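Structural overview
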Amino acid sequence: MATLKLDIVTPDRKVLSEDVEYVGAPGIMGEFGVLPNHVPFLSALGIGNLHYKQNGKAFYVFVSGGFAEVSNNQVTILAEVAEKATEIDVERAMKAKERAEQRNQAAKEKVEAARNQAALKRAISRISCKSNGQNAGTC
Ligand code: ATP
């Protein structure tokens, strides 16, 4: 069966490069899924959990911003920020969540509120990414 080559990179580092059976990612227009032989496709990424299947097992990666490109069974994720579930520090994400919640209550301007909402979404997505990986036994 054909597989997909998945590469995830950020401006700082190569996060992973794997042969996989499926990729699901958080596009800004919603979640999208990629199986082998998918048509060429380009999407901006939102904040959330990317997941992929390898040998039938599910793996999770937190991504925030950037782009996904699919072409010739190659999925390239150029993310602004990305962490494998195994790399996520949940305590740090819990603290970031608390800070964002407190700032949300105090935010007076729309721009400030939107920035806090994004910080809150990053923290919640990191916590769920870790917990999905732990439930799948891959974290
Ligand atoms: P914080 O307030 O804790 O820095 P943040 O959402 O503002 O959270 P980002 O700007 O998304 O952080 O990321 C900055 C850098 O820190 C990136 O390299 C990212 O991978 C890393 N990072 C942030 N939070 C975590 C975490 N909980 N676990 C592991 N790495 C993290």
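One can find the structure itself at the top, above this paragraph.
My aim in this report is to walk through the structure given alongside it, one point at a time. (Residues numbered from 1 in each chain as written. Predicted model: local features only at pLDDT ≥ 70, side-chain atom pairs only at ≥ 80, totals over all residues. Heavy atoms only, no water.)

**Quick word on the overall build of the chain**
Heads up, the condition is: For helices the rule is a DSSP run of H or I covering at least 4 residues; for strands it is a run of E covering at least 2, with both sets numbered from the N terminus onward. This radius of gyration counts C-alpha atoms alone. The globule rule is 2.2 Å times how many residues there are, raised to the power 0.38. Burial classes follow relative accessibility: with a 1.4 Å probe on protein chains only, a residue under 20% of its type's maximum area counts as buried, one over 50% as exposed, and anything between as partly exposed. Here a residue-residue contact requires only that any non-hydrogen atoms of the pair lie within 4.5 Å. Residues counted as positive are Lys and Arg, residues counted as negative are Asp and Glu, and His and the chain ends are not counted. Where a charge lies is defined by one atom per residue type, namely NZ (Lys), CZ (Arg), CG (Asp) and CD (Glu).
Along its length, the chain carries two helices and eight strands. The secondary structure elements of the chain, listed N-terminal to C-terminal, are β-β-β-β-β-β-β-β-α-α. At 16 Å, the chain has a C-alpha radius of gyration in line with the 14 Å of a compact globule built from 139 residues. When the backbone C-alpha atoms are referred to their principal axes, the chain occupies close to 55 × 30 × 25 Å. In the chain, which comprises 139 residues, the share counted as buried stands at 39%. Considering only intrachain contacts with a sequence separation of at least 6, the fraction spanning at least 24 residues in the chain is 52%. Both charge centroids of the chain, one from 18 positive and one from 16 negative side chains, sit 4 Å from each other.

**Quick notes on the site of the ligand**
Quick reminder of the rule: Throughout, the term near means that a residue has one or more heavy atoms lying within 4 Å of the molecule or strand in question. Within 3.5 Å is the distance limit for a polar contact, defined as a pair of N or O atoms, with the added protein rule that one can donate a hydrogen and the other accept it, and that residues adjacent in sequence qualify only through two side-chain atoms. Surface exposure here means Shrake-Rupley accessible area, sampled with a 1.4 Å probe, where a residue is shielded only by the protein chains that are shown. Here the nonpolar group is Ala, Val, Leu, Ile, Met, Phe, Trp, Tyr, Cys and Pro; Asp, Glu, Lys and Arg are the charged ones; every other residue, Gly included, is treated as polar.
In the vicinity of the ligand, the residues found are Val81, Glu83, Glu87, Ile88, Asp89, Arg92, Ala93, Ala96, Arg99, Arg122 and Arg126. Here Arg99 contributes a side-chain N or O atom positioned 2.8 Å from an oxygen atom of the ligand. One nitrogen or oxygen atom from the side chain of Arg122 is found 2.6 Å from an oxygen atom belonging to the ligand. With the chains in place, 67% of the 590 Å² that the ligand exposes on its own is no longer accessible. Mapped by element, the contributors of at least two residues to the shell around the ligand are strand E8 (74–84), helix H1 (90–106) and helix H2 (110–136). The leading source of residues in the shell around the ligand is H1, at four residues. Residues of the shell around the ligand, tallied by class, amount to four nonpolar, no polar and seven charged.

**Re the packing of H1 against H2**
Spelled out, the test is: Working convention: axes come from line fits to C-alpha atoms, limited for helices to the stretch in contact. Angles between N-to-C directions cover 0 to 180 degrees. Convention used here: angles under 35 degrees read as roughly parallel, angles over 145 as roughly antiparallel, angles from 65 to 115 as roughly perpendicular, and any remaining angle as oblique. In this scheme, a crossing is called left-handed if the near helix is turned counterclockwise away from the far one by less than a right angle; it is called right-handed if the turn is clockwise.
Interhelical geometry of H1 versus H2 gives an angle of 150° and a closest axis separation of 8 Å. When the axis of H1 is compared with that of H2, the two are roughly antiparallel. With respect to the hand of their crossing, H1 and H2 are arranged in left-handed fashion. On the side of H1, the interface is formed by Val90, Ala93, Met94, Ala96, Lys97, Ala100, Glu101, Arg103 and Asn104, while H2 contributes Ala113, Asn116, Gln117, Ala119, Leu120, Ala123, Ile124, Arg126, Ile127 and Lys130. Looking at the contact of H1 with H2 residue by residue, the class counts come to 11 nonpolar, three polar and five charged.

**Structural notes on H2**
Selection rule: Helix span, expected: 1.5 Å multiplied by one less than the number of residues in the helix.
Here H2 spans 38 Å end to end across 27 residues, near enough to the 39 Å set by a 1.5 Å rise per residue. As for H2, its buried residues are in contact with strand E6 (47–54), strand E7 (57–71), E8 and H1. Once H2 finishes, Gly137 follows within two positions and takes phi at roughly 75°, a positive value.

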